[in-house]
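# Residue-level structural notes
One-letter residues, chain by chain:
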Amino acid sequence: MSRPATDAISVQEIEHRLKAITSVRLKKDEPMSAHTSMGVGGPARWFVEVHDLEALKHTLEILKSSGERWMMLGGGSNTLFCDAGYNGAIVYLGKGFREIRLGETPDTIVAGAAASLSGIMNFAKRHGLAGAEFCAGIPGVLGGALAGNAGTAAGEICPLADSVEVLDSSGQIKTRKRGEFEYSYRHSRLREDVILGATLRLKPDAAEAIETRIAQSLSKRFEQPIGERSAGCMFKNPPGDFAGRLIDCAGLKGLRIGNVSVSDKHANFMINEGKATAADILKLMDEVRERVKSATGTELESEVRVIS
Ligand code: EPU
């Protein structure tokens, strides 16, 4: 893996500068298997946990000015790192980005990018606010969810957001307003920015009605291999069809390469059965893609972000 030239600043100097920032926790050669729900992925050169906005800005200034490779990581539930790891810096938002509170009007919630979707949903429920029930059982955090417009058949996250606070590519704080997110199925333009947090607009509703919809969302989850090491759905649903249905129809449930298998419970999930490698997962994804293509003519597209 090649790294862009860092001109005047050596790797040691970058490390020295990152370590000097207050509210930063720096780890070297951190295994990405520890930060992804699938539990695979080799070491990142640096894992930079930033606890407040100043630390984040400072970290990004250092990484950008040095030409070092970097990326933001959210909950790690939709990301697959290769076995060789990541030759750069993984930036991870810590406790200063986890706040969840009521907004200026009683039907809005303000949450940090590192707030969990389940935390947001529970907060909304406690305040009699509806709209986030589809989040029940979805792992991950608000920033990652907004970047990929996470959702289920019952709802998606981007339409809930009134505004999203970001750092743009020049490091300026900007507010992206509803209408500017350009979201579609499992995609949004917010991915181009570093997401800091958002104001979500919900609807007041009776507690029992909210509870019922949460229970419905959770019951959907019981059709999935919860509690196993997976990255959720591996492939996007193709227009007008379902990846899970196609993989199932192609007879691929239980198909295995090394320590990774296609779930017997829901065919669009792959399970790390213990010591799976990223290489095994990528091979199994290719195999599934090929077999579904030849059985049904449909080309499946990865939903999981593969980082090599
Ligand atoms: N199906 C099969 N066999 C299977 C799995 C599904 O025949 O092994 C059929 C089902 O019977 C159903 C159809 O495929 O007719 C769709 O299945 P399901 O209702 O489970 O929904 P999905 O489209 O597979 C989507 C999201 C999930 C989300 C569920 C619940 C995508 C790619 N997946 O799954 O999200 O949990 O709806 O609403 O959009 C994720 O994104 O990681 C994820 C898990």
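So, a few notes on the structure that sits alongside this text. Given the structure is predicted, the values throughout are model-derived calculations rather than measurements. (Residues numbered from 1 in each chain as written. Predicted model: local features only at pLDDT ≥ 70, side-chain atom pairs only at ≥ 80, totals over all residues. Heavy atoms only, no water.)

## Here's the deal with the overall build of the chain
Scanning the chain from N- to C-terminus turns up seven helices and 18 strands. In terms of overall dimensions, the chain is globule-like: its C-alpha atoms have a radius of gyration of 20 Å, near the 19 Å expected for 308 residues. By its C-alpha atoms, the chain is 55 × 50 × 30 Å across when sized along the principal axes. Burial analysis of the chain (308 residues in total) assigns 48% to the buried set. Counting contacts in the chain only where the partners sit at least 6 residues apart, residues at least 24 apart contribute 62% of the total. Only carbon and sulfur atoms are counted for the fraction: they give 50% of the accessible area of the chain, which is about 14,300 Å². Distance between charge centroids for the chain: 2 Å, based on 39 positive and 39 negative side chains. (Helix = DSSP H or I, 4+ residues; strand = E, 2+ residues; numbered from the N terminus. Rg over C-alpha atoms; globule rule 2.2 N^0.38 Å. Buried < 20%, exposed > 50% of the residue type's maximum accessible area, 1.4 Å probe, protein only. Contact = heavy atoms within 4.5 Å. Areas by Shrake-Rupley, 256 points an atom, 1.4 Å probe, with all protein chains shown as cover. Lys, Arg positive; Asp, Glu negative; His and termini not counted. Charge placed at Lys NZ, Arg CZ, Asp CG, Glu CD.)

## Concerning the packing of aromatic side chains
If you walk through the whole model with that rule in mind, you get two aromatic pairs. Between Phe47 and Tyr92, the aromatic rings sit 5.4 Å apart at their centres with planes inclined by 35°, giving tilted as the arrangement. Of this pair, Phe47 sits in strand E2 (residues 43-50) while Tyr92 sits in strand E5 (residues 86-93), and the two are 45 residues apart along the sequence. For Tyr92, a relative accessible area of 23% translates into the label partly exposed. Here the basic side chain of Arg45 rests over the ring of Trp46, its NZ or CZ set 5.4 Å away from the ring centre. (Phe/Tyr/Trp six-rings, centres within 6.5 Å; stacked < 30°, edge-to-face > 60°. Lys NZ or Arg CZ within 6 Å of the ring centre and 35° of its normal.)

## Comments concerning the sheet that holds strand E15 (residues 256-257)
An order of E15-E16-E17 is seen for the three strands of this open sheet, with the pairing classed as antiparallel. A strand with exactly one partner marks an edge of an open sheet, and here the two such strands are E15 and strand E17 (270-272). Pairing between E15 and strand E16 (residues 260-262): two bridges, direction antiparallel. Opposite Ile257, over in E16, you have Val260 as the bridge partner. Strands E15, E16 and E17 of the sheet are contacted by helix H7 (residues 278-296), whose axis makes an angle of about 25° with E16. (Pairing = 2+ DSSP bridges. Axes fitted to C-alpha atoms, helices over the stretch in contact; angles between N-to-C directions.)

## Focus: the environment of His266
Structurally, His266 is set in the loop between E16 and E17. With 65 residues separating them in the primary sequence, His266 and Arg201 have C-alpha atoms 32 Å apart. For His266, the residues in contact, after removing those within four places along its chain, are Glu223, Gln224, Pro225, Cys233, Gly244 and Lys253.

## Concerning the site of the ligand
Near the ligand lie 21 residues; those nearest to it are Lys220, Cys233, Asn237, Asp248 and Ala267. Take Ala153: an N or O atom from its main chain is 3.5 Å from an oxygen atom of the ligand. In this structure, an oxygen atom belonging to the ligand sits 2.9 Å away from a side-chain N or O atom of Glu303. With three residues, helix H6 (residues 243-249) is the single largest residue contributor to the shell around the ligand. Residues that form the shell around the ligand fall into these classes: seven nonpolar, seven polar and seven charged. (Near = heavy atom within 4 Å. Polar contact = N/O pair within 3.5 Å; in protein donor to acceptor, adjacent residues only side chain to side chain. Nonpolar A, V, L, I, M, F, W, Y, C, P; charged D, E, K, R; others polar.)

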